[in-house]
Amino acid sequence: GPHATLGCPPPGGSALWDHVVRGDGELPLLALARGEAPPGGEHEIYLHPDLAELDFPDREIFPLGQYYGDSLRSGRWTSMVASRGCDQACAYCAAHALGGGLHRTRDPGRVVEELLRLGRDHGVEGVLLEDDNLFTSRSWALELLEALGQARTGVRLHLPNGVDPMLLDLELVRHAAQAGVESLALGIESLDPARQAALGRVIDPAHLASIIRCCRGHGIRVAGFFIIGLPGDTVPGILAQFRDIRALGLDLAHVSVYQDLPGLALPAPPATPARRAALAALKGLFYPYYYADKERVLRALGEEGISRRTVSKAAARFAHWVFR
């Protein structure tokens, strides 16, 4: 993660840990367990040069059923990645620094094989593709989606990380639906052009609207991620953005308060107690404001259909969002 990899002081600078593994962990952790020198240098962020050399994770050694237990979805779920890293240097995200600014892809055939094994050997019904940026290479993403569509794995796919809407187009969305993608999240972050420029995430409103319509037209539930508490944010500006978010036609929307993590190009404003309290209150206000709509609530519950289970879980999650 960003704290260990990017915020770790030089060796000997802290007594809080014995070892820190920075970057891809498979081979460095193995070397550490064997008492050997880690690959890539002792103090470097290690990026494995060829992802094809790494075998599939051993899914026998941890209980799949305990993962994603708070999800509205039923069945057996797990996560995997088809690529690692991101070559976009967005000012609010540490993924670029964590991965050396590289986007490393796996062979689409191997991704399909892993999904087939998950369904066949482990009874997995759905997978969350946790890639930092699945669509940064359009040609590779299209090849992957076409391979998934042809394979008909039967595994339901969800893309929970914030996809840059400007990397999507109507053809990619159509192939995503054919590949079994049931939902995706858009990393919109802000609807204010000035904030977008500062974040390095400039979005054309007409293109965003067309992507949302296309996703919903193909039966893909679409969520939006947004950030408040950015430099220059004001209470009236945040409230105005809430109104604009509500008008986008998203199935789900989530608001986060900006955090000053290591490796970010855009520092967060000073986190005074008053500012933290105000931003927490605004975040809590967003959810009853956004979901105070019958159609939107029904769409949110529509992940697995309305049942006693989904309603009770949705109510608990809603209360957590509002009051935490």
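Residues numbered from 1 in each chain as written. Predicted model: local features only at pLDDT ≥ 70, side-chain atom pairs only at ≥ 80, totals over all residues. Heavy atoms only, no water.

Participant: Explain the pattern of salt bridges to me, using residue names and the numbers behind them.
Facilitator: Throughout the structure, instances matching the rule amount to 15 salt bridges. For Arg110, the salt bridge is made with Glu113, and the minimal N-O distance between the two is 3.5 Å. Placement of the pair is Arg110 and Glu113 together in helix H4 (residues 108-122), with a separation of three residues, close to one helical turn. Arg110 sits in the partly exposed class, given a relative accessible area of 26%. (Salt bridge = Lys/Arg side-chain N within 4 Å of Asp/Glu carboxyl O. Helix = DSSP H or I, 4+ residues; strand = E, 2+ residues; numbered from the N terminus. Buried < 20%, exposed > 50% of the residue type's maximum accessible area, 1.4 Å probe, protein only.)

Participant: Tell me about the side chain of Asp164, residues and numbers included.
Facilitator: Tracing the chain through its elements places Asp164 in the loop between strand E5 (156-163) and helix H6 (170-178). Looking at Asp164, the relative accessible area reads 7%, which means it is buried. If we skip the residues at most four places from it in the chain, Asp164 touches Gln88 and Arg201. (Contact = heavy atoms within 4.5 Å.)

Participant: Could you give me a rundown of a nonpolar patch on the surface, with the residues and numbers involved?
Facilitator: On the surface, Val235, Leu239 and Leu285 cluster together to form a nonpolar patch covering roughly 240 Å² of accessible area. Turning to its location among the elements, Leu239 is positioned in helix H9 (residues 235-246). Judged by its relative accessible area of 37%, Leu239 is partly exposed. (Patch = residues over 30% accessible without salt bridge, like charges linked within 9 Å, V, L, I, M, F, W, Y side chains within 5 Å. Areas by Shrake-Rupley, 256 points an atom, 1.4 Å probe, with all protein chains shown as cover.)

Participant: I'd like to hear about the environment of Gly187, residue by residue, with values.
Facilitator: By secondary structure assignment, the location of Gly187 is in strand E6 (residues 181-189). Residue classification places Gly187 among the buried positions, given a relative accessible area of 0%. The spatial distance from the C-alpha of Gly187 to the C-alpha of Gly224 is 6.1 Å, given a sequence separation of 37 residues. The residues contacting Gly187, other than those within four sequence positions of it, are Gly162, Val163, Pro165, Arg201, Ile203 and Phe225.

Participant: Describe the sheet that holds strand E8 (residues 252-257), and please don't skip the residues or the numbers.
Facilitator: Here we have six strands laid out as an open sheet, ordered E1-E4-E5-E6-E7-E8, and parallel in their pairing. Edge positions in the sheet fall to strand E1 (77-80) and E8, since each has one partner strand and no second. Each strand of the sheet is rotated relative to its neighbour by a mean of 20°, with strand direction disregarded. Here E6 pairs with strand E7 (residues 221-228) via six bridges, running parallel. (Pairing = 2+ DSSP bridges. Axes fitted to C-alpha atoms, helices over the stretch in contact; angles between N-to-C directions.)

Geometric values such as these leave the question of function open.
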